[in-house]
Amino acid sequence: AQTVTQSQPEMSVQEAETVTLSCTYDTSESDYYLFWYKQPPSRQMILVIRQEAYKQQNATENRFSVNFQKAAKSFSLKISDSQLGDAAMYFCAYDSLYGNKLVFGAGTILRVKS
Amino acid sequence: EPEVTQTPSHQVTQMGQEVILRCVPISNHLYFYWYRQILGQKVEFLVSFYNNEISEKSEIFDDQFSVERPDGSNFTLKIRSTKLEDSAMYFCASSRPLTVGAGELFFGEGSRLTVL
């Protein structure tokens, strides 16, 4: 069975600075998807960024980028120029290629200081 | 922007009672899901639903649980006889299928169930 581990329960970053959230996973599959979801307080989880394992290029979405290391099974999220609105719980998640059955990490609370 | 909506936002019930959690998925989505998060634990997959039937379910989703899409818009999760350990936040999600592989899931805000 697949597992996802987020080893940082909580992180803080100063506004306008850069922060990296860590995620490792375990799977025996060779092709799969990885996701970062953001959940602001009392709001829905929304997709931040998605990475297809068969793509070597790291995904980027504006200020959000990932460092995907397939051999190390590592999938970190970098947030550049952090904004107050980035404060949220961030979940790393795994899905098999034909799954739509996400396996989540425990989440990392990100606090942004002004 | 279309959203997944869930009702109620919070329900308190007595152990042994039946509970129905309701969800309105995004209208052109075809896949529907329930996930749950027990306080302090990870978000866990319960069930996925496509073409009016369960496509996959986890071992958590035992005979006490059922899902249905009664009217083409609502998607419900029923817990027949609640237990204390059913206390959790329940998230509904929906997605469009992609031609291959995982689609983006759109989540609701969750329904908090407290079983006393």
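Residues numbered from 1 in each chain as written. Chains lettered and ligands numbered in written order. Predicted model: local features only at pLDDT ≥ 70, side-chain atom pairs only at ≥ 80, totals over all residues. Heavy atoms only, no water.

## Details of the interface of chain A and chain B
Part 1 of the argument: Contacts between chain A and chain B engage 23 residues on the former and 21 residues on the latter.
Part 2 of the argument: Counting every contact that joins chain A to chain B gives three salt bridges.
Part 3 of the argument: The salt bridge involving Lys101(A) is made with Glu56(B); its shortest N-O contact spans 3.0 Å.
Part 4 of the argument: Put simply, chain A and chain B have six residue pairs in polar contact (both at pLDDT 80 or more) between them.
Part 5 of the argument: Elements represented by at least two residues in the side of chain A that touches chain B include exactly strand 5 (32–39), strand 6 (46–52) and strand 10 (88–96) of chain A.
Part 6 of the argument: By residue number, the principal contributor to the side of chain A that touches chain B is strand 5 of chain A, which donates four residues.
Part 7 of the argument: Of the residues in the side of chain A that touches chain B, the class split is twelve nonpolar, seven polar and four charged. (Contact = heavy atoms within 4.5 Å. Salt bridge = Lys/Arg side-chain N within 4 Å of Asp/Glu carboxyl O. Polar contact = N/O pair within 3.5 Å; in protein donor to acceptor, adjacent residues only side chain to side chain. Helix = DSSP H or I, 4+ residues; strand = E, 2+ residues; numbered from the N terminus. Nonpolar A, V, L, I, M, F, W, Y, C, P; charged D, E, K, R; others polar.)

## Notes on the nonpolar core
Part 1 of the argument: Within the largest apolar cluster, 25 residues are counted, with the highest numbers of intra-cluster contacts made by Tyr25(A), Trp36(A), Phe75(A), Leu77(A), Tyr90(A) and Leu110(A).
Part 2 of the argument: Within the residue set of this core, elements represented by two or more residues are strand 3 (19–21), strand 5, strand 6, strand 8 (64–69), strand 9 (74–79), strand 10 and strand 12 (108–113) of chain A.
Part 3 of the argument: Broken down by element, the residue count for this core peaks at four residues, all from strand 10 of chain A.
Part 4 of the argument: In terms of nonpolar packing, the next biggest core, distinct from the first, is built from 23 residues, Leu21(B), Leu46(B), Phe49(B) and Leu113(B) among them. (Core = buried A, V, L, I, M, F, W, Y, C linked by side-chain atoms within 4.5 Å. Buried < 20%, exposed > 50% of the residue type's maximum accessible area, 1.4 Å probe, protein only.)

## Thoughts on the environment of Ile38(B)
All names here are of chain B.
Part 1 of the argument: Tracing the sequence through the fold places Ile38 in the loop between strand 4 (31–37) and strand 5 (43–50).
Part 2 of the argument: Through-space distance from the C-alpha of Ile38 to that of Ala88 is 4.3 Å; in sequence the pair is 50 residues apart.
Part 3 of the argument: Setting aside chain neighbours within four positions, we find Ile38 in contact with Glu44, Glu85, Ser87 and Ala88.

## Notes on the packing of aromatic side chains
How two aromatic rings sit relative to each other is set out by the distance from centre to centre and by the angle between their planes.
Residue and element names in this part refer to chain B.
Part 1 of the argument: This structure, assessed with the given rule, holds 20 aromatic pairs over all chains.
Part 2 of the argument: The interplanar angle of 45 degrees and the centroid separation of 6.5 Å between the aromatic rings of Tyr33 and Tyr35 together place this pair among those described as tilted.
Part 3 of the argument: On the basis of relative accessibility, which here comes to 0%, the residue Tyr33 falls in the buried class.
Part 4 of the argument: On the basis of relative accessibility, which here comes to 0%, the residue Tyr35 falls in the buried class.
Part 5 of the argument: Summarising the aromatic geometry, the rings of Tyr35 and Phe45 are spaced 5.5 Å apart at their centres and angled 75 degrees between planes, so their arrangement reads as edge-to-face. Here the residue Tyr35 occupies a position in strand 4, and Phe45 occupies one in strand 5, the gap between them amounting to ten residues. (Phe/Tyr/Trp six-rings, centres within 6.5 Å; stacked < 30°, edge-to-face > 60°.)

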